[in-house]
Amino acid sequence: MAADLRRVLRDQTTQVHEDTESAFAAIDLTTPEGLDATLRAHIAALSSLLPNLAPCPVFAEEIGRLRDLAVASLAATGAAPVPSPSRDAAALDPLAVAYVVLGSRLGARVIAARLRAAQVPEGSAAYAYFRDEGSGAAWQTLRQMLASFPGEHTAIVADTSAAFRIFQQEAARFAPRFAVKEV
Ligand code: HEM
C-alpha cells in the first residue's frame, strides 16, 4: 500500500520547515516593524502561490480568505496597502501549495501562546491573521486527499519544498528592514 503522502511530505520537508520557521521566528511579531514585515511576507507569498490553486476551488477559496485576512490585518495597523505581487511563482502542484499553507496554520497555537505571553490584546484586528482558526475543514479535506493520493511522490515533494522556499524568500526580503532597526 502506498504511504500516506502527508507523512511523506512531513518527513521529507522537516529541514525546509525548520529553515522557514527560523526565518519567521527571527522577526519579532510583537513589535510594529516585525508585525508589518511578517504580514507583508505572508501576503506576498500567498499572492504569488494563489494562482496555482485554480484547479482546486476548495483550497483556492480558503487560501484566498487567508490572504484577504492578512491584508485586512495589515490595514488595521494603519500601514500603507500592499502593492500587487511583484512576480509570478513557478507553477507548483496545488496539493503541495495547499499542504504548506494549510499546514502552516498548525503552528498557530505556538504563535498564539507567544502573543498571549507578550500581552497582545485578544481582539486586536492587526493580529487577526495569526489567531484565525478557520482553516480546519480545508485541512481535513486535504488530509483525506493526501491519504488516498495514488501517484508518484517525487514531484510533489519537490514542489512542497519550493513552496516553503517562497515563504522563506519573502521573509528574507522583508526581515532585513526589521533587523537593521534592531542593530
Ligand atoms: C514561527 C514560525 C513557526 C512555528 C513556531 C511553527 C511551528 C509548527 C508546529 C509546532 C507544527 C506542528 C503542529 C502540529 O502538529 O499540531 C507545525 C507544522 C507545520 N508547519 Fe510550521 N511553524 C512556523 C512557521 C511555518 C511556516 C512559515 C510554514 C509555511 C509557510 C509552516 C508550515 C508548516 C507545515 C506545512 C506544517 C505541517 C506538518 C505536518 O504535520 O504535516 N510553518 N509548525
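Below, the structure is looked at part by part. (Residues numbered from 1 in each chain as written. Predicted model: local features only at pLDDT ≥ 70, side-chain atom pairs only at ≥ 80, totals over all residues. Heavy atoms only, no water.)

1. Details of the overall build of the protein
Consideration 1: Helix and strand counts for the protein come out as 9 helices and 0 strands.
Consideration 2: Here the C-alpha radius of gyration of the protein, 16 Å, is about what a compact globule of 183 residues would show, namely 16 Å.
Consideration 3: By principal-axis analysis of the C-alpha atoms, the protein measures approximately 50 × 30 × 30 Å.
Consideration 4: Taking all 183 residues of the protein together, 47% fall into the buried category.
Consideration 5: In the protein, the proportion of contacts linking residues at least 24 apart, taken out of those at least 6 apart, comes to 84%.
Consideration 6: Carbon together with sulfur atoms contributes 56% to the accessible area of the protein, which is approximately 9500 Å² in total.
Consideration 7: Each charge class in the protein was averaged separately, 17 positive and 20 negative side chains, and the resulting centres sit 3 Å apart. (Helix = DSSP H or I, 4+ residues; strand = E, 2+ residues; numbered from the N terminus. Rg over C-alpha atoms; globule rule 2.2 N^0.38 Å. Buried < 20%, exposed > 50% of the residue type's maximum accessible area, 1.4 Å probe, protein only. Contact = heavy atoms within 4.5 Å. Areas by Shrake-Rupley, 256 points an atom, 1.4 Å probe, with all protein chains shown as cover. Lys, Arg positive; Asp, Glu negative; His and termini not counted. Charge placed at Lys NZ, Arg CZ, Asp CG, Glu CD.)

2. Some details on the nonpolar core
The tendency in soluble globular proteins is for nonpolar side chains to be buried as a group.
Consideration 1: By size, the foremost hydrophobic cluster in this structure holds 55 residues, and its most contacted members are Phe 59, Ile 63 and Leu 142.
Consideration 2: Elements that contribute at least two residues to this core include exactly α1 (5–12), α2 (14–25), α3 (32–49), α4 (57–76), α5 (94–104), α7 (128–131), α8 (136–147) and α9 (154–182).
Consideration 3: In this view, Ile 63 contacts Leu 46, Leu 50, Leu 53, Ala 98, Val 101 and Leu 102; residues no more than four positions away in its chain are not counted. (Core = buried A, V, L, I, M, F, W, Y, C linked by side-chain atoms within 4.5 Å.)

3. Describing the coordination of the iron atom of the ligand
In an ideal tetrahedron of four donors about a metal, each angle is 109.5 degrees. In an ideal octahedron of six donors, the angles are 90 or 180 degrees.
Consideration 1: Among protein atoms, the single one acting as a donor to the iron atom of the ligand is His 17 (NE2), 2.1 Å away.
Consideration 2: Inspection of the secondary structure puts His 17 in helix α2. (Donors = N, O, S within 2.8 Å, 3.2 Å for Na, K, Ca; no water.)

4. Points about the packing of α3 against α4
Consideration 1: At a closest axis distance of 9 Å, the pairing of α3 and α4 adopts a crossing angle of 150°. When the interaxial angle is binned, α3 and α4 end up roughly antiparallel. Between α3 and α4 the crossing geometry is left-handed. Within the contact between the two elements, α3 uses Asp 36, Leu 39, Arg 40, Ile 43, Leu 46 and Ser 47 and α4 uses Ile 63, Leu 66, Arg 67, Ala 70, Val 71, Ser 73 and Leu 74.
Consideration 2: In terms of residue class, the contact of α3 with α4 is made up of 8 nonpolar, 2 polar and 3 charged. (Axes fitted to C-alpha atoms, helices over the stretch in contact; angles between N-to-C directions. Parallel < 35°, antiparallel > 145°, perpendicular 65-115°, else oblique. Left-handed = near helix turned anticlockwise from the far one by under 90°. Nonpolar A, V, L, I, M, F, W, Y, C, P; charged D, E, K, R; others polar.)

5. Considering the packing of aromatic side chains
How two aromatic rings sit relative to each other is set out by the distance from centre to centre and by the angle between their planes.
Consideration 1: Per the stated rule, a full pass over the model turns up 3 aromatic pairs.
Consideration 2: With centroids separated by 6.1 Å and ring planes inclined at 35°, the aromatic side chains of Tyr 99 and Trp 139 adopt a geometry described as tilted. Pair noted here: Tyr 99 is in helix α5 and Trp 139 is in helix α8, with a separation of 40 residues, a long-range link.
Consideration 3: For Tyr 99, a relative accessible area of 8% gives the class buried.
Consideration 4: Judged by relative accessible area, which is 7%, Trp 139 ranks as buried. (Phe/Tyr/Trp six-rings, centres within 6.5 Å; stacked < 30°, edge-to-face > 60°.)

6. Structural notes on the packing of α5 against α8
Consideration 1: Axis separation between α5 and α8 bottoms out at 10 Å; the angle between their running directions is 135°. Looking at the two axes, α5 sits oblique to α8. Crossing angle aside, the handedness with which α5 passes α8 is left-handed. Where α5 approaches α8, its residues Leu 95, Ala 98, Tyr 99, Leu 102 and Gly 103 are matched on the opposing element by Ala 138, Trp 139, Leu 142, Met 145 and Leu 146.
Consideration 2: Classifying every residue of the contact of α5 with α8 gives 9 nonpolar, 1 polar and no charged.

7. Thoughts on the side chain of Arg 131
Consideration 1: Inspection of the secondary structure assignment puts Arg 131 in helix α7.
Consideration 2: Since its relative accessible area comes to 17%, Arg 131 is described here as buried.
Consideration 3: For Arg 131, the side chain forms a polar contact with the main-chain oxygen of Pro 121, separated by 2.8 Å.
Consideration 4: With near-sequence residues (within four places) excluded, Arg 131 lies in contact with Leu 115, Arg 116, Val 120, Pro 121 and Glu 122. (Polar contact = N/O pair within 3.5 Å; in protein donor to acceptor, adjacent residues only side chain to side chain.)

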